[in-house]
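Given next are the chains, with one letter for each unit.
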Amino acid sequence: FFFIFVMESEADVFYRELPKVELHAHLNGSVSYQTIEKLFSRKPHLNIEHSMTAIGKGQRRTLDECFQVFKVIQQLVNTEEDILMVATDVIKEFAADGVKYLELRSTPREEKDTGLTKKSYVETCLKAIQQCKEEGVDIDVRFLVAIDRRNGTEVAMETVKLAEEFMLSSDGLVVGLDLSGDPTVGHGKDLLPALQRAKNCGLKLSLHLSEVPSQLEESNLLLNLPPDRIGHGTFLHPEVGGSEGLVDKVVKNNIPLELCLTSNVKGQTVPCYSKHHFNYWYQKGHPSVICTDDKGVFSTDLSQEYQLAASTFGLDREAVWKLSREAIDCIFAPDTVKQQLKQKWTDLQPQVF
Ligand code: 6MZ
């Protein structure tokens, strides 16, 4: 039973040792089996089982069901102590998987019962990042404050103000803003003022766009900002009901895409790995970054995602190395960090592939 969840499959050594950049990881979706165990023992009264917090091998859920899973995990993570443990574990797990640079994103939550505030939520995430740095964990971690689109206009604006404060006070740890949440709820036009404000004050924007087919008009509107990166962008291109106009905007502004293969297949927005839109964008030579989305919920890790992309689309090792290296250009941290990372990749590059 233990092995079904933890050791589903493991990527080959090449992919595990490949230095990697992770740009699309939701904190509460990234919680591992082992950390969930620790949370269970802290909250036995909740009666939650592993089948409610992760989607195993070969299993699929509707996107709607995936959002139920996040709610269950968020019930388990409702104190500062929980957030500190979860964030620390997630960072160390990414580091153990060969991730050298991570942008973690999370939605600040208030929990009246435990005294958690949105501010202390973010502070605790940053504390975990700081502590990992002090312990010498070999990973550079930054934070994106997330807007859950379900919470509407006012909360979005409050979230931007909070992100702004932290951008100024966190010593470069808070670099941007994420727009996520159930794509079938709400409309992006109501969030435009908040997103525009974030952009004006220097926060980088990573927006979930066209994760479901019904969002063409919204994507068109949000692409005018334009965002600095796109999450998923599953239905942007004409072959799946998008349009040349949308693709043109993405290409002209050179907006990188964060692509999460297993998440999209398990959440059933993409029918199978070989039909994933990675192929469309990669063939175009457009900046495409392989990411996990929710490594805990979708029972995966970044090494596996790289290996899946390589085996599905026939990339050789040199191409995989190039793909991971080019992700560095898409990070939100400043150019000095990009240079350091490129040096690291050069130092680690094998003599022959
Ligand atoms: C859209 C997603 C998502 O913020 O509590 N989230 N939003 N599409 C997805 N594709 C599967 N996966 C995760 O992490 C959980 C939250 O991240 C967003 C949702 O808002 C979810 O509630 P945090 O750390």
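The structure this text deals with has already been given above.
Residues numbered from 1 in each chain as written. Predicted model: local features only at pLDDT ≥ 70, side-chain atom pairs only at ≥ 80, totals over all residues. Heavy atoms only, no water.

Chemist: Hey, could you run me through the environment of Val141 in this one?
Modeler: As for its position among the elements, Val141 is in strand E3 (residues 140–148). As for Val141 and Val99, which are separated by 42 residues in sequence, their C-alpha atoms are 9.8 Å apart. Sequence-distant contacts of Val141, that is, excluding residues within four places in its chain, are made with Ile91, Leu102, Ile129 and Leu173. (Helix = DSSP H or I, 4+ residues; strand = E, 2+ residues; numbered from the N terminus. Contact = heavy atoms within 4.5 Å.)

Chemist: Please clarify how the site of the ligand should be interpreted in this entry.
Modeler: Residues in contact with the ligand amount to 19 residues; listed here are only the nearest, Asn28, Gln74, Ser106, Thr107 and Glu211. Here Asn28 contributes a side-chain N or O atom positioned 2.8 Å from an oxygen atom of the ligand. In this structure, Asp293 approaches the ligand through a side-chain N or O atom, which is 3.3 Å from a nitrogen atom. Considered on its own, the ligand offers 510 Å² of accessible surface; in the complex 99% of this is hidden by protein. (Near = heavy atom within 4 Å. Polar contact = N/O pair within 3.5 Å; in protein donor to acceptor, adjacent residues only side chain to side chain. Areas by Shrake-Rupley, 256 points an atom, 1.4 Å probe, with all protein chains shown as cover.)

Chemist: Is there a simple way to explain the packing of aromatic side chains in this structure?
Modeler: How two aromatic rings sit relative to each other is given by the distance of their centres and the angle of their planes. Under the counting rule described, the total for this entry stands at six aromatic pairs. Here Phe278 and Phe313 contribute two aromatic rings whose centre-to-centre distance is 5.4 Å and whose plane-to-plane angle is 35°, an arrangement assigned as tilted. Of this pair, Phe278 sits in helix H12 (residues 278–283) while Phe313 is found in helix H13 (residues 302–313), placing the two residues 35 residues apart along the sequence. Given the relative accessible area of 0%, Phe278 is considered buried. Residue class for Phe313 comes out buried when judged on its relative accessible area of 15%. (Phe/Tyr/Trp six-rings, centres within 6.5 Å; stacked < 30°, edge-to-face > 60°. Buried < 20%, exposed > 50% of the residue type's maximum accessible area, 1.4 Å probe, protein only.)

Chemist: Would you mind showing me how to read the sheet that holds strand E4 (residues 174–180) here?
Modeler: Strand pairing in a sheet is mediated by backbone hydrogen bonds. Such pairs are either parallel or antiparallel. Here we have eight strands laid out as an open sheet, ordered E1-E2-E3-E4-E5-E6-E7-E8, and parallel in their pairing. The sheet is open, and its two borders are formed by strand E1 (20–26) and strand E8 (288–290), each paired with just one other strand. Between one strand and the next, the sheet's axes are offset by a mean angle of 25°, whatever the strand orientation. Bridge analysis of E1 against strand E2 (residues 99–106) gives five bridges, and the strand direction is parallel. Opposite Lys20, over in E2, you have Val99 as the bridge partner. Strand contacts of helix H7 (residues 152–169): E3 and E4, with the helix running at about 160° to E3, the strand carrying the most contacts. Its contacts with the sheet place helix H8 (residues 192–200) against E3, E4 and strand E5 (204–209), and it is angled at close to 150° to E5. (Pairing = 2+ DSSP bridges. Axes fitted to C-alpha atoms, helices over the stretch in contact; angles between N-to-C directions.)

Chemist: Looking at this structure, I do not really get the packing of H7 against H8. What am I missing?
Modeler: The description of two helices packed together rests on the angle between their axes and the distance between the axes. Closest axis-to-axis distance for the H7/H8 pair is 8 Å, and the angle between their directions is 10°. On the basis of their axis angle, the class for H7 and H8 is roughly parallel. When H7 is examined against H8, the residues Ala156, Met157, Val160, Lys161 and Glu164 are found in contact with a partner set consisting of Pro193, Ala194, Arg197 and Ala198. Residue composition of the contact of H7 with H8, by class: six nonpolar, no polar and three charged. (Parallel < 35°, antiparallel > 145°, perpendicular 65-115°, else oblique. Nonpolar A, V, L, I, M, F, W, Y, C, P; charged D, E, K, R; others polar.)

Chemist: Teacher, can you tell me more about the side chain of Asp148 here?
Modeler: Note that Asp148 resides in strand E3. With relative accessibility at 12%, the residue Asp148 sits in the buried group. One polar contact links Asp148 to Arg150, side chain to side chain, over a distance of 2.6 Å. Ignoring any residue separated from it by four or fewer positions in sequence, one finds Asp148 in contact with Thr107, Ser180 and Gly181.

Chemist: Honestly, the pattern of salt bridges in this entry has me stumped. Any pointers?
Modeler: If charged atoms from side chains of opposite charge come close, those side chains can pair. Within the structure shown, the criterion is met by 22 salt bridges. We note a salt bridge from Asp148 to Arg150, for which the minimum N-O separation is 2.6 Å. Taking the relative accessible area as the measure of exposure, Arg150 reaches 31% and is therefore partly exposed. Bridged by salt links that share partners, the residues Glu103, Arg105, Asp178, Arg229 and Glu258 form one connected network. (Salt bridge = Lys/Arg side-chain N within 4 Å of Asp/Glu carboxyl O.)

Chemist: Teacher, can you tell me more about helix H10 (residues 244–252) here?
Modeler: Count 3.6 residues to each turn of an α-helix, and residues three or four apart come out pointing the same way. Every buried residue of H10 is accounted for by Leu246, Val247 and Val250. Summarising the axial view, the buried residues of H10 lie within an arc of 95°, below the 170-degree limit, and thus occupy one face. Buried residues in H10 make contact with helix H9 (216–223), strand E6 (229–232), strand E7 (257–259) and H12. (Arc of directions from axis to C-beta.)

Chemist: Honestly, the nonpolar core in this entry has me stumped. Any pointers?
Modeler: When a protein is soluble and globular, its nonpolar side chains tend to lie buried together. Counting 108 residues, the largest nonpolar core has Leu102, Ile139, Phe143, Leu177 and Leu195 as its most contacted members. Here this core takes nine residues from helix H5 (residues 80–96), the largest share from any one element. Contact partners of Phe143, with chain neighbours within four places excluded, come to Leu104, Arg105, Ser106, Val122, Cys125, Leu126, Ile129, Leu173, Val174, Val175 and Gly176. (Core = buried A, V, L, I, M, F, W, Y, C linked by side-chain atoms within 4.5 Å.)

Chemist: What's the story with the environment of Ala333 in this structure? I'm lost.
Modeler: Following the sequence through the fold, Ala333 ends up in the loop between helix H14 (317–326) and helix H15 (335–348). Distance from Ala333 to Gly172, taken between C-alpha atoms, is 7.7 Å for residues 161 residues apart in sequence. Discounting chain neighbours no more than four positions away, the residues touching Ala333 are Tyr101, Glu103, Arg142, Val175 and Lys338.

All we've got here are geometric facts, nothing functional implied.
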